[in-house]
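Observations on the model geometry
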Amino acid sequence: MALAIFDLDETLIHGDCSSLWSEQMVRLGWVDGESFMQRDKELMDAYGRGHLAMEDYMAFSLEPLIGRTPEEIEHLVGPWVEDFIEPIIFSDATKTIAAHRKAGDRILVISASGIHLVKPIAERLGIDEVLAIELEVAHGAYSGKTVGTLTYREGKITRLLEWLDAEEENLEGASFYSDSRNDLPLLLKVDFPHVVNPDPVLLEHAEKARWPIHLWK
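Thresholds applied
- Residues numbered from 1 in each chain as written.
- Predicted model: local features only at pLDDT ≥ 70, side-chain atom pairs only at ≥ 80, totals over all residues.
- Heavy atoms only, no water.
- Helix = DSSP H or I, 4+ residues; strand = E, 2+ residues; numbered from the N terminus.
- Rg over C-alpha atoms; globule rule 2.2 N^0.38 Å.
- Buried < 20%, exposed > 50% of the residue type's maximum accessible area, 1.4 Å probe, protein only.
- Expected span 1.5 Å × (residues − 1).
- Contact = heavy atoms within 4.5 Å.

Looking up the chain in an unreviewed UniProt entry gives the name HAD-IB family hydrolase, with the organism given as Pseudomonas triticicola.

A tally of regular secondary structure across the chain gives 9 helices and 7 strands. Compactness check: the chain gives a C-alpha radius of gyration of 17 Å against a globular reference of 17 Å for 217 residues, within 12% of the reference. Overall, the C-alpha framework of the chain stretches about 45 × 35 × 30 Å when taken along its three principal axes. The buried share of the chain, taken over its 217 residues, is 52%.

Attention shifts here to unusual backbone geometry. Excluding glycine, residues mostly have negative phi values, and the peptide bonds linking residues are mostly trans. Positive phi, close to 55 degrees, is recorded for H139, a residue that is not glycine. Here H139 shows up in the loop between β3 (129–138) and β4 (141–147). A positive phi is found at R210, a non-glycine position, where the angle reads about 60 degrees.

The end-to-end C-alpha separation of helix α4 (residues 70–85) is 20 Å, well short of the 22 Å expected for 16 residues at 1.5 Å each. As for α4, its buried residues are in contact with α1 (17–27), α6 (115–124) and β4.

Glancing now at α6. Of all the positions in α6, only I115, H116, L117, V118, I121 and A122 are classed as buried. Check the buried side of α6 and you find it contacts α1, α3 (54–62), α4, β2 (106–114), β3 and β4. Among the residues trailing α6, G126 stands out with phi positive, at a value near 80 degrees.

This brings us to the environment of S178. Along the chain, the position of S178 falls in strand β5 (residues 175–178). Owing to a relative accessible area of 0%, S178 belongs among the buried residues under this scheme. Along the chain, S178 and P198 lie 20 residues apart, while their C-alpha atoms are 7.5 Å from each other. Apart from residues lying up to four places away in sequence, S178 is in contact with D7, T11, D183, L187, H194, V195, V196 and L202.

Shown next as structure tokens:
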């Protein structure tokens, strides 16, 4: 049994769940729509160029959650996943997950989005094991802060190695699927890197390294 590791945004789904949740917070009336989405776009553009400080994005995107309980957010995220995320899950992604499951592989999602979004999305895909950005809860409510190492760029490796140690697992024969240049550090760590609908920088690297390139729909 080997590990099959998947990025989430733009890999398993055709979109970024954090930005889509920002749109949902606008619909909920928690933020000023125009200014909030403009700032979201600026930060996500920086992510696409590989220049984002993830701490900046998390501080911005978690501010509307301050004082809200995990139970309240969970109650709202469930229907949002059904209405807005399920329609954009790549069918090729579900087929690939099924193939790994049939092969007996252990499936893990590792994402640079918040655990409050990643976990319920992964569950809809039948995946129970997730590494994502952890949110601090203080006095029963979200504080707007994160906890521990952020699962972003090299931070994905740090968190994965901690998980491997805790689970008595290893990366022998592991696969990792991602769309983003930001995941090159982890793609270089696994035996079987796969790029999915890659950005230009990742595409160039994959072509030179002769990695499999998937155009999922």
